[in-house]
Amino acid sequence: SRVPRQSRMAVAPVVYPPDINFKKNLIYGGFAGFIGSLLTFPIDLSKTLVQLEKEPKRYHGIWQCLKYIYREGGFFSLYKGLPVQLIGIIPEKALKLSVNDYGRQRLRNADGTIALHNEAIAGGVAGFAQVIITSPMEMLKIRMQEQAKITDPSQRLSFTQVVRAILSSGVRGVYQGAGATLLRDVPFSILYFPMFSNLKKWIATWSNDSVFRKPDSDNIADVNKRVSLAGTFLSGMIAGSVSAVIVTPCDVIKTRLQGSKREQYKNIRTAISMTAAEGPMAFLQGATGRLLLIGPLFGIVLLTYEFMPQYVPL
């Protein structure tokens, strides 16, 4: 029989905020962050070491840094600081995703949709909240990553020694660089979450035959039910890459304030002035690493986050 005209026409895709489920965010989000970090950590390590470099430089780019670390310390030196990242990523991702979901629920319109500026607000609040966990976690991770560039094994600090050194400065030392972390994570989340959801909305308008679309979904309004896992990965990767590159200057300042030589930078203003003295390109150190790291990382995280409920329902 002939199909009615209305059913053959594609319904306009709509972004609906997800339901709030902290257990889901803790398990799915934590596992997603775990997998993403495991796959991308060596790039994070090289990005950090490149950002900490001052003249004369030992590393000239992400790949040269990776080769140097591997040659001097072997394969496992590429994963210095990984345990800290894996332990911290679970509560950090759970908190960030939960706060973002809560904000999107509270700021949604009467019809269940959410405006772009409210998406940005929810993302910004999520980025602010995550710093509670992110700042001390990255402080410890960066200190452990710094050990990878020490060629003499006898001069490297153990995990316990690094922790003691950080704790010796009290709470202020633990949250050294927290202000710079806020300057990085809040703008990143303001950019990332709205960009991710609206990229999915755009992909939802693509041909139904595309690998990035779910088949026979043109008559479904909900974006999440129209975009495939491949589309989710592509959206997360693009949004993560663009957002990461834009906030790279903030990441450079944060990394330097949290490194072992942080005393010479003192505060954000001094760190900016000292970095500016190296030339404008100093603020973009590690941009390539962040492009290669954050894009795939967030693509993998959001892919895993949406993939798991379909096959491992809670």
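Our structure is the block above this text.
Residues numbered from 1 in each chain as written. Predicted model: local features only at pLDDT ≥ 70, side-chain atom pairs only at ≥ 80, totals over all residues. Heavy atoms only, no water.

Enquirer: Before we move on, can you summarise empty space enclosed by the protein with the specific residues and values?
Expert: Counted according to the given criterion, the structure contains three cavities of 30 Å³ or more. If you trace the largest cavity, you find 25 residues lining it, with Glu 138, Arg 184, Ile 294, Leu 297 and Phe 298 closest to the centre. Listed by contribution, the elements that provide at least two residues to the lining of the largest cavity are α2 (22-52), α4 (82-106), α5 (116-146), α8 (178-203) and α12 (287-311). As for the second largest cavity, its lining consists of Lys 93, Lys 96, Leu 97, Tyr 192, Phe 193, Phe 298, Val 301 and Leu 302. Within the residue set of the lining of the second largest cavity, elements represented by two or more residues are α4, α8 and α12. (1 Å grid on protein atoms, 1.4 Å probe; cavity = no way out; pocket = protein on both sides within 12 Å on 5 of 7 lines; lining within 4 Å. Points joined across faces, edges and corners; volume = space filled by probe spheres on them. Helix = DSSP H or I, 4+ residues; strand = E, 2+ residues; numbered from the N terminus.)

Enquirer: Explain the layout of surface pockets to me, using residue names and the numbers behind them.
Expert: Computed from the structure, the largest pocket encloses a volume of approximately 740 Å³. For the largest pocket, the lining is made up of 31 residues, of which Pro 18, Lys 24, Lys 200, Asn 224 and Glu 306 are closest to its centre. If you list the elements that add at least two residues to the lining of the largest pocket, you get α4, α8, α9 (229-246) and α12. Element by element, the count of residues in the lining of the largest pocket is highest for α12, at five residues.

Enquirer: Give me the lowdown on a nonpolar patch on the surface, citing residues and values where you can.
Expert: A grouping of Phe 22, Leu 26, Ile 27, Phe 34, Leu 38, Leu 39, Ile 90 and Leu 314 is seen on the molecular surface, where their side chains present a nonpolar patch of about 690 Å² in accessible area. A per-element tally of the nonpolar patch places α2 first, with six residues. With respect to the helices, strands and loops of the structure, Leu 26 is situated in helix α2. Taking the relative accessible area as the measure of exposure, Leu 26 reaches 35% and is therefore partly exposed. (Patch = residues over 30% accessible without salt bridge, like charges linked within 9 Å, V, L, I, M, F, W, Y side chains within 5 Å. Areas by Shrake-Rupley, 256 points an atom, 1.4 Å probe, with all protein chains shown as cover. Salt bridge = Lys/Arg side-chain N within 4 Å of Asp/Glu carboxyl O. Buried < 20%, exposed > 50% of the residue type's maximum accessible area, 1.4 Å probe, protein only.)

Enquirer: How would you summarise the nonpolar core if you had to cite specific residues and measurements?
Expert: Counting residues in hydrophobic clusters, the biggest one holds 20 residues, and the most contacted among them are Phe 188, Tyr 192, Ile 294, Phe 298, Leu 302 and Tyr 305. Elements with a contribution of two residues or more to this core: α2, α8, α9 and α12. No other element matches the eight residues that α12 contributes to this core. In contact with Tyr 192, not counting residues within four places along its chain, are Gly 236, Ala 239, Gly 240, Ser 243, Phe 298 and Leu 302. Of all hydrophobic cores here, the second largest spans 14 residues; its members include Phe 41, Cys 65, Leu 78 and Leu 82. (Core = buried A, V, L, I, M, F, W, Y, C linked by side-chain atoms within 4.5 Å. Contact = heavy atoms within 4.5 Å.)

Enquirer: Before we move on, could you go through the pattern of salt bridges and cite the residues and values that matter?
Expert: According to the stated counting rule, one finds 13 salt bridges in the structure shown. Asp 251 is the salt-bridge partner of Arg 184, the closest N and O atoms lying 2.8 Å from each other. Taken as a pair, Arg 184 in helix α8 and Asp 251 in helix α10 (residues 248-258) lie far apart in primary sequence, 67 residues in all. Each of the two residues, Arg 184 as well as Asp 251, counts as buried. Salt-bridge contacts for Asp 251 lead to Arg 290; the nearest nitrogen and oxygen are separated by 3.4 Å. With a gap of 39 residues between them, Asp 251 in helix α10 and Arg 290 in helix α12 connect regions that are remote in the sequence. According to the relative accessible area criterion, Asp 251 is buried, its value standing at 0%.

Purely spatial values, then, with no claim about function.
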